[in-house]
Amino acid sequence: MQLNINGQSREAQADPSTPLLWVLRDELNLTGTKFGCGVAACGACTVHVNGQAVRSCVTPASAVAGQKITTIESLGTADQLHPLQAAWIAEQVPQCGYCQSGMLMAAAALLAKTPQPSDADIDAAMTNLCRCGTYPRVRAAIHRAAAAMKGGAA
Ligand code: FES
Ligand code: FES
């Protein structure tokens, strides 16, 4: 099975019905995408498929073969943070951190579609669960990143 991940063509040997999450983590060593619930409830496993936020724990790898898959590993780099990552640091969003790569990927998909989201837009798009209760900081960081991407202060 040929997968297009973070702009690279990757060969995966897993059974085609294997959830994308496990192909990413176990076969391709892209461990930034996390396992939380396995039933599409928590969002820890969120990646992008053709720019849309998708829960990889319930997405068979074969269903996304040939499509553009993006994981947290390509959101930004240490030298060049994505505006969301910079905002996450500025707002000190992460607590234990476990849910945060999924949060960031969901937020990135939101801003790509809705560059200046309202609180209601954020609440509707960010259905990820966080046991540490970082929701108010997530919301603040999304607004901060949106302002930075518009040209305002980060
Ligand atoms: S691990 Fe996929 S939604 Fe929770
Ligand atoms: S930061 Fe701990 S679960 Fe979200």
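Quick caveat: nothing in here was measured; it's all calculated off a predicted structure.

1. Considerations on the domain arrangement of the protein
Now for step 1: Taken as a whole, the protein is organised into domain 1 (2–74) and domain 2 (83–150).
Now for step 2: Put simply, the middle of domain 1 and the middle of domain 2, counted by C-alpha atoms, are 21 Å apart.
Now for step 3: On the side of domain 2, 11 residues touch domain 1, which itself brings 18 residues to the contact.
Now for step 4: Roughly 1,100 Å² is buried in total at the junction of domain 1 and domain 2, and carbon and sulfur atoms are behind 59% of that figure.

2. A look at the sheet that holds strand β5 (residues 68–70)
Now for step 1: Judged by pairing direction, the sheet is mixed, and its five strands sit side by side in the order β2-β1-β5-β3-β4 without closing on themselves. With partners counted over all chains shown, the strands left at the sheet margins are β2 (8–11) and β4 (52–55), one partner each. Going across the sheet, the axis of each strand differs from the next one's by a mean of 40°, ignoring polarity.
Now for step 2: Relative to β5, strand β1 (residues 2–5) runs parallel, the two sharing two bridges.

3. Considerations on the side chain of S101
Now for step 1: Within the element layout of this structure, S101 appears in helix α3 (residues 100–113).
Now for step 2: When its relative accessible area of 12% is taken as the criterion, S101 is described as buried.
Now for step 3: Dropping the residues within four chain positions of it, S101 is found in contact with G32, T33, K34, A44 and I72.

4. With respect to helix α2 (residues 83–90)
Now for step 1: Of all the residues in α2, the buried ones are L84, Q85, A87 and W88. Down the axis of α2, the buried set is contained in an arc of 160°. They therefore lie on one face.
Now for step 2: The inward-facing, buried residues of α2 contact α3 and α5 (135–150).
Now for step 3: Residue Q92 follows α2 closely and has a positive phi angle near 50°.

5. What about the pairing of β1?
Successive residues of a regular strand alternate their side chains across the two faces of the sheet.
Now for step 1: Residues L3 and I5 point to one face of β1 and are all buried, whereas Q2 and N4, pointing to the other face, are not buried.
Now for step 2: Here β1 pairs with β2 via four bridges, running antiparallel. From the neighbouring strand, Q2 faces β2, where its bridge partner is E11.
Now for step 3: In this structure, the hairpin formed by β1 and β2 is closed by a connection of two residues, where N6 is found at a positive phi of approximately 50°.

Scoring rules and cut-offs
- Residues numbered from 1 in each chain as written.
- Chains lettered and ligands numbered in written order.
- Predicted model: local features only at pLDDT ≥ 70, side-chain atom pairs only at ≥ 80, totals over all residues.
- Heavy atoms only, no water.
- Domains from an automatic or database assignment.
- Contact = heavy atoms within 4.5 Å.
- Buried area = accessible area lost by both parts, 1.4 Å probe.
- Pairing = 2+ DSSP bridges.
- Helix = DSSP H or I, 4+ residues; strand = E, 2+ residues; numbered from the N terminus.
- Axes fitted to C-alpha atoms, helices over the stretch in contact; angles between N-to-C directions.
- Buried < 20%, exposed > 50% of the residue type's maximum accessible area, 1.4 Å probe, protein only.
- Arc of directions from axis to C-beta.

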